[in-house]
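Below, each chain spelled out in residue letters.
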Amino acid sequence: MHAQLIDGKALAAAVKAEAAAETASLQAAGVTPCLAVILVGEDPASQVYVRGKIRDCAECGIRSLELRLPETTTQQELLDRIAALASDSTVHGILVQLPLPAGIDERAIIDAIPPEKDVDGFSPVNVGRMQTGQPCFLPCTPAGCIRMIESTGTVIDGKHAVVIGRSNIVGKPVAQLLLARNATVTICHSHTRNLRELCAQADILVAAVGHEAFVDGSMIKPGAVVIDVGINRGSDGKLHGDVNFAQAAERAAFLTPVPGGVGPMTRAMLMKNTTQAAAMQNGLSLEKMS
Ligand code: NDP
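What comes next is a walk through the structure.

Moving on, we get to helix α1 (residues 8–28). Given a rise of 1.5 Å per residue, 21 residues ought to cover 30 Å, and the 30 Å separating the end C-alpha atoms of α1 matches this to within 8%. Along α1, the positions that sit buried rather than exposed are Gly8, Leu11, Ala12, Val15, Lys16, Ala19, Glu22, Thr23 and Leu26. The buried residues of α1 all sit within an arc of 135° when viewed along its axis, so they share a single face. The inward-facing, buried residues of α1 contact α2 (44–60), α6 (140–151), α10 (262–281) and α11 (286–289). With a side-chain oxygen positioned 3.0 Å from the backbone nitrogen of Lys9, the residue opening α1 is Asp7. With its phi angle positive at about 90°, Gly30 sits one or two positions after the end of α1.

Let's shift gears to the site of the ligand. Arg166, Ser167, Ser190, Ile231 and Thr266 are the nearest of the 21 residues found near the ligand. Contact between the ligand and Arg166: an oxygen atom at 2.7 Å from a side-chain N or O atom of the residue. The separation between an oxygen atom of the ligand and a polar main-chain atom of Ile231 is 3.1 Å. Here the ligand loses 69% of its free accessible area of 920 Å² to cover by the protein chains.

Bringing the side chain of Thr23 into the picture now. You can see Thr23 is positioned in helix α1. Here Thr23 falls in the buried class, since its relative accessible area comes to 1%. Every residue in contact with Thr23, bar those within four places of it in the chain, is listed here: Pro33, Cys60, Gly61, Ile62 and Thr275.

This brings us to the nonpolar core. In this structure, Leu35, Leu178, Val206, Ile227, Val229 and Met271 are the most contacted members of the largest nonpolar core, which totals 46 residues. The element that contributes the greatest number of residues to this core is α10, accounting for seven residues. Shared between two domains, this core holds at least three residues of each, these being domain 1 (29–114) and domain 2 (140–263). In this structure, Val206 is in contact with Val162, Val163, Ile164, Val174, Leu178, Ile227 and Val229, ignoring residues within four places of it in sequence.

Spatial ordering of the open sheet is given by β3-β2-β4, a layout of three strands whose pairing is parallel. Two strands lie at the open edges of the sheet, namely β3 (63–69) and β4 (93–96), each paired on one side alone. Taking each pair of neighbouring strands and ignoring which way they run, the sheet shows an average axis angle of 15°. As judged from the seven bridges shared by strand β2 (residues 34–40) and β3, these two strands associate in the parallel manner. Across the sheet, residue Leu35 finds its bridge partner in β3, namely Ser64. Against the sheet, α2 engages β2, β3 and β4, with an angle of about 170° to β2.

Cut-offs applied
- Residues numbered from 1 in each chain as written.
- Predicted model: local features only at pLDDT ≥ 70, side-chain atom pairs only at ≥ 80, totals over all residues.
- Heavy atoms only, no water.
- Helix = DSSP H or I, 4+ residues; strand = E, 2+ residues; numbered from the N terminus.
- Expected span 1.5 Å × (residues − 1).
- Buried < 20%, exposed > 50% of the residue type's maximum accessible area, 1.4 Å probe, protein only.
- Arc of directions from axis to C-beta.
- Contact = heavy atoms within 4.5 Å.
- Polar contact = N/O pair within 3.5 Å; in protein donor to acceptor, adjacent residues only side chain to side chain.
- Near = heavy atom within 4 Å.
- Areas by Shrake-Rupley, 256 points an atom, 1.4 Å probe, with all protein chains shown as cover.
- Core = buried A, V, L, I, M, F, W, Y, C linked by side-chain atoms within 4.5 Å.
- Domains from an automatic or database assignment.
- Pairing = 2+ DSSP bridges.
- Axes fitted to C-alpha atoms, helices over the stretch in contact; angles between N-to-C directions.

As structure tokens, then:
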């Protein structure tokens, strides 16, 4: 193996330690950060994700509220719950676990979360602020990807970054964050004609496709930084990324594993957004407190 692994677990532990230190500073100023997580229905994967988020909060000293609502919850009932949390000054972050059951309009729900409590960074206001380079909550997975790239010492400025995928939660925002750091960014998707050739030119390759081993070794420029966002349940029952790990490891300079890569970083960045939200809502600055 040639590539150096980017250890998501170790990086996430460092980010969570930062969040824990911020929580301690906030508590000293009389504020206990609090994240409310709403889960509607019984989706097993969502239950695992929510449990993980609640555990992370405990680890960082952040108070958490877990609201489990039945599959039969109506859109209006969910909107009412969000409105109650929105007006509760002891709650700083509101997260609705996606996907929602059929019959509930996801967009209407996301839009109902006030931007200052939108720690997922999905609300139109936060997306717009990110696009225009204003302070905002960055979506957790893209922010985690950037932190992982930067952890390698790679200078993003001037590099050719190729992002495979253009979803609102991963592909588009990760491309935007790379652009904001002066990368030349190519976004590939299911209509891209010369995807293999484009990927092979990438100094930084981010795969967010949702297809196991979509990226093979020949699509990786020797010496590239490869960030594998994909989480796919393989026929062996295990989790696999979008990148053929063994082949990529022979060509990339840096590579994220799956599991143990982007996943843990996503969760850690949520903790940072929550402490940031608590500070902002109380007129405090984490920079000044550290
Ligand atoms: P989406 O399904 O929303 O988006 C997938 C993107 O990949 C789309 O833009 C789609 O193109 C593109 N795509 C699909 N097939 C092809 C193809 N054959 N060639 C080129 N492009 C293709 O997925 P998400 O962005 O939500 O997630 C992507 C992956 O990342 C999933 O495996 C998901 O589980 C994982 N994930 C991991 C997270 C983590 O914390 N590690 C967090 C979020 C997601 P088009 O737009 O044209 O349809």
